[in-house]
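Summary of the model geometry
One-letter residues, chain by chain:
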Amino acid sequence: RDKTFRGQASQFFVAGELCRRGLYAVVTLGNAANTDILCSNIEGTKFVHIQVKTYLPGKSSTCSVGKKAEKSYGENFFWVLGGIPSPTSDLPFEYFVIPAEIMAKNISGAHQRWLDTPGKDGKPHNDSSVRTVHIPPHSNQYSWDVSPYRNRWDLIEAKLLD
C-alpha cells in the first residue's frame, strides 16, 4: 500500500516540478500507454511523454523499471526515476531524468551482462521481466552510471522550449 501511494505521489511531484519550470504537465492516471505524464510547452505545440518510476532514497540502492525500458519510444519519451522520501525522513527528493533512447541502450546492456555472468554456484541467472537501475552512489559490475542525469530537467525543457 505504501509503495502504491509513493508511486502515485511521485507522478504528482514530477508534474509539479515541470509546472514550476513553466511547462504544462498532466498526470494520466494510468489512462495512456507508456505515459504517466504528458507534458507540453505553453503553446501546446510540442509534447513529451514521461514514464515515472519510484524508489525510496537512502533505503533503495536500485529502482526497478521493467522490460519496457529496453524499448526506445522515440526522442520525445523520457524516464524520470523519482526518489521520494518517506514523510518522516529528512532526506531530499531525488530525480534522474533519462531520455528513453539512453535508458533503452543502457538497461538492455546491463541486463545482458547480468544474464551472461554466472550467479551463485556458477549457475546461470534466470531471465525475468525485471530490469534494474542502480541509484548512485550504488553500482555493481552490471550497472551503468545514471549520475549524469540527476536533475536534468533541461533535457525535457530543450525538447519543448526550443
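You'll find the structure just up there.
Since the structure is predicted, the reported quantities are computational estimates derived from the model, not experimental observations.

Reading the values: rules and limits
- Residues numbered from 1 in each chain as written.
- Predicted model: local features only at pLDDT ≥ 70, side-chain atom pairs only at ≥ 80, totals over all residues.
- Heavy atoms only, no water.
- Pairing = 2+ DSSP bridges.
- Helix = DSSP H or I, 4+ residues; strand = E, 2+ residues; numbered from the N terminus.
- Expected span 1.5 Å × (residues − 1).
- Contact = heavy atoms within 4.5 Å.

**A short note on the pairing of strand S2 (residues 37-40)**
Where strand S1 (residues 24-27) lies against S2, four bridges are found, and the strand directions are antiparallel. Its bridge partner lying in S2, Val27 is registered against Ile37. The pairing of S2 with strand S3 (residues 47-55) spans four bridges and is antiparallel. Across the sheet, Ser40 pairs through a bridge with Phe47, a residue of S3. Linking S2 back to S3 in an antiparallel pair, the connection comprises six residues, with Gly44 at a positive phi of about 75 degrees.

**Side note on helix H2 (residues 100-116)**
Across its 17 residues, H2 extends 24 Å between first and last C-alpha, which sits within 8% of the 24 Å expected from 1.5 Å per residue. Buried residues along H2 sit in contact with strand S5 (77-83), strand S6 (94-99) and strand S7 (132-134).

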